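Structural overview
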Amino acid sequence: MTHSKRTSSIWLFYSLCGAFFGTFNSLIVHEPLIHGLANGFLVGVLIAIVDTYLHSYFRQKAVIVQILTMSIIWSVLIMTALVISHTFIWKKLNISWLLSKAALTHFMLCFIMAMIMSMLIRISQFLGATTLKALILGHYITPKHEQRIFLFLDIADSTAITQRIGPIKAQQLMGMFLHDVSHLIRLNSGEVQRYVGDNMMATWPLSKGVCSVAFFLEAVDKYLKTHTAQYLQQFGIIPKYRIGIDAGEVVAKEIGEHKRSVEFFGNAVNIAARLEKMAKNLNVTNLLTQKLAKNLILPNSLAILAQGKHAIAGFEEPHELVSLSHRNNNLQG
């Protein structure tokens, strides 16, 4: 799924959720359903717009700040939607109501609901929406076979970066890059499984990943091009990265006690991790098996570049490997 399509789907999700809860609220307070439907839809649109543009603002904010800020903003947006709809649609705005205790009570209820929703969203960001859902429903209490794509990303030369700009700035640079790349993964239908230092692991269900992984690679490249000046100004360095990708059948299982998580076990995980390491030796940004690459849907800007047959540590048979590169580099697919 492309960035624009993913953004549109997020906006549609917020709008439909708003319309649903607005209609449900109308049933409770015995107002015309069309009022709740319109108000809820408008609230959803406003929240989607604000949430999109506040993404960068929340990068370096504490979770409590995020929750309180979003709760206040959402409450204000709900009240704004009510004013807009009653003024321009229903022509029934009562100024005295805005100054009444009832309006204050309504705002406080909105604030409490918004805080609960914001907390759930932040929890899903820590665990991943899919993982949170799986843990709540107990989907992986018993092992499950799944077809998945796995991606390992590593920031190249992190030790040299630390020596050049110092540990504090280096951590700020890596944190900024991984934060924004994680956002791109989510926009392209994937989910970050875990972070280890300057390395991250992401995964897609196979059916979604074949349509999205290549578009994610394109999005990361575009991101670095558009943020070059910002990285140079803040750190004097443009981060580089290496990516390894593979797909196949794995076993998913819920593990842990005090810190539960869903883990995946299988050859695809191991191969993807090793391809990320091999990308350095082959001097490519990304590396994947030919078997996977030929099944991917590619954006027009990318082409498949053969990297030859290579042995992968731990596996007897060599694998045909490829990378995805821009067509304007005069590379043949």
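Residues numbered from 1 in each chain as written. Predicted model: local features only at pLDDT ≥ 70, side-chain atom pairs only at ≥ 80, totals over all residues. Heavy atoms only, no water.

Some points on the overall build of the protein
Heads up, the condition is: A run of H or I in DSSP becomes a helix once it reaches four residues, and a run of E becomes a strand once it reaches two; helices and strands are each numbered from the N terminus. Whether a residue is buried, partly exposed or exposed follows from its accessible area with a 1.4 Å probe, protein chains only, as a fraction of its type maximum: under 20%, in between, or over 50%, in that order. Throughout, a residue-residue contact means that at least one pair of heavy atoms, one from each residue, lies within 4.5 Å. Every accessible area reported is derived by Shrake-Rupley at a probe size of 1.4 Å, with residue values counting cover from the shown protein chains alone.
Helix and strand counts for the protein come out as 12 helices and 8 strands. Buried positions account for 44% of the 333 residues belonging to the protein. The long-range fraction of contacts in the protein, counting pairs at least 24 apart against all pairs at least 6 apart in sequence, stands at 68%. Of the roughly 18300 Å² that the protein leaves accessible, carbon and sulfur atoms contribute 63%.

Structural notes on the pattern of salt bridges
So the rule is basically this: Should a side-chain nitrogen of Lys or Arg be within 4 Å of a carboxyl oxygen of Asp or Glu, the pair is scored as a salt bridge.
This model, assessed by the stated rule, comprises 7 salt bridges. In this structure, the salt-bridge partner of Glu263 is Arg194, at a minimum N-O distance of 3.2 Å. Separated by 69 residues along the polypeptide, Glu263 in strand S5 (residues 261–265) and Arg194 in strand S2 (residues 191–196) bring together distant segments of the chain. Overall, the relative accessible area of 32% leaves Arg194 in the partly exposed class. Put simply, Lys222 and Glu218 hold a salt bridge, and the shortest N to O gap is 3.9 Å.

Some words on the confidence of the model for the protein
Put simply, the rule is: The pLDDT value expresses, per residue, how confident the predictor is, ranging between 0 and 100.
The predicted model of the protein averages 80 in pLDDT, with 74% of residues at 70 or higher. Strand S6 (residues 286–289) holds the highest mean pLDDT among the elements of the protein, 95, whereas helix H4 (residues 95–98) holds the lowest, 62.

Examining the packing of helix H8 (residues 167–187) against helix H9 (residues 206–226)
Counted only if it meets this: For every element, the axis is a line fit to its C-alpha atoms; helices are fit only across the contacting stretch, and the angle between N-to-C directions ranges from 0 to 180 degrees. Geometric relationships in this document are graded by angle, where less than 35 degrees denotes roughly parallel, more than 145 denotes roughly antiparallel, 65 to 115 denotes roughly perpendicular, and other angles denote oblique. Take the far helix as the reference: if the near one is turned anticlockwise from it by less than a right angle, the crossing is left-handed, and if turned clockwise, right-handed. When residue character is reported, Ala, Val, Leu, Ile, Met, Phe, Trp, Tyr, Cys and Pro are called nonpolar, Asp, Glu, Lys and Arg charged, and the others, Gly included, polar.
Relative to each other, H8 and H9 sit at 140°, their axes nearing to 10 Å. Between H8 and H9, the crossing angle belongs to the class labelled oblique. Taken as a pair, H8 and H9 cross one another with a handedness that is right-handed. For the pair formed by H8 and H9, the contact residues are Met176, Phe177, Asp180, Val181, Leu184 and Ile185 on the first element and Phe216, Ala219, Val220, Tyr223 and Leu224 on the second. Residue classes in the contact of H8 with H9 are distributed as 10 nonpolar, no polar and 1 charged.

Brief notes about the nonpolar core
So the rule is basically this: Only buried residues count toward a nonpolar core, which is a set of Ala, Val, Leu, Ile, Met, Phe, Trp, Tyr and Cys residues joined through side-chain atoms within 4.5 Å.
Ranked by size, the top nonpolar core spans 42 residues in total, and within it Leu153, Phe177, Phe216 and Ile245 carry the most contacts. With 10 residues, the single largest contributor to this core is H8. Not counting chain neighbours up to four residues away, the residues in contact with Phe216 comprise Leu151, Val181, Leu184, Ile185, Asn188, Trp204 and Ile243. Counting residues in each nonpolar core, the second largest holds 11 residues, with Phe152, Met201, Val250 and Ala268 among its members.

Description of the layout of surface pockets
Put simply, the test is: The pocket and cavity definitions rest on a 1 Å grid over protein atoms only: a 1.4 Å probe that fits but cannot leave marks a cavity, an open set with protein on both sides within 12 Å along at least five of seven lines marks a pocket, and residues lining either have an atom within 4 Å of a point. Grid points are joined across faces, edges and corners, and a volume is the space filled by probe spheres set on the points.
If you add up the space inside the second largest pocket, you get close to 620 Å³. Along the walls of the second largest pocket sit 25 residues, with Asp221, Tyr241, Val284, Thr285 and Asn286 positioned nearest its centre. Looking at the lining of the second largest pocket, the elements with two or more residues in it are H9, strand S4 (241–255), helix H11 (267–281) and strand S8 (319–326). Sort the elements by how many residues they give to the lining of the second largest pocket and H9 lands first, with 5 residues.

Some thoughts on the packing of aromatic side chains
Selection criterion: Between 30 and 60 degrees the pair is tilted, below 30 it is stacked and above 60 it is edge-to-face, where a pair is any two Phe, Tyr or Trp rings, Trp via its six-membered ring, whose centres lie within 6.5 Å.
Applying the stated criterion to the full structure yields 6 aromatic pairs. Here the aromatic rings of Tyr231 and Phe235 are separated by 6.1 Å at their centres, their planes lie at 35°, and the arrangement is tilted. Of this pair, Tyr231 and Phe235 both sit in helix H10 (residues 228–235), separated by 4 residues, roughly a single helical turn. Residues Tyr231 and Phe235 agree in their burial class; the two are buried. Through a chain of ring-to-ring contacts, the aromatic side chains of Phe177, Tyr223, Tyr231, Phe235 and Tyr241 assemble into a single cluster.

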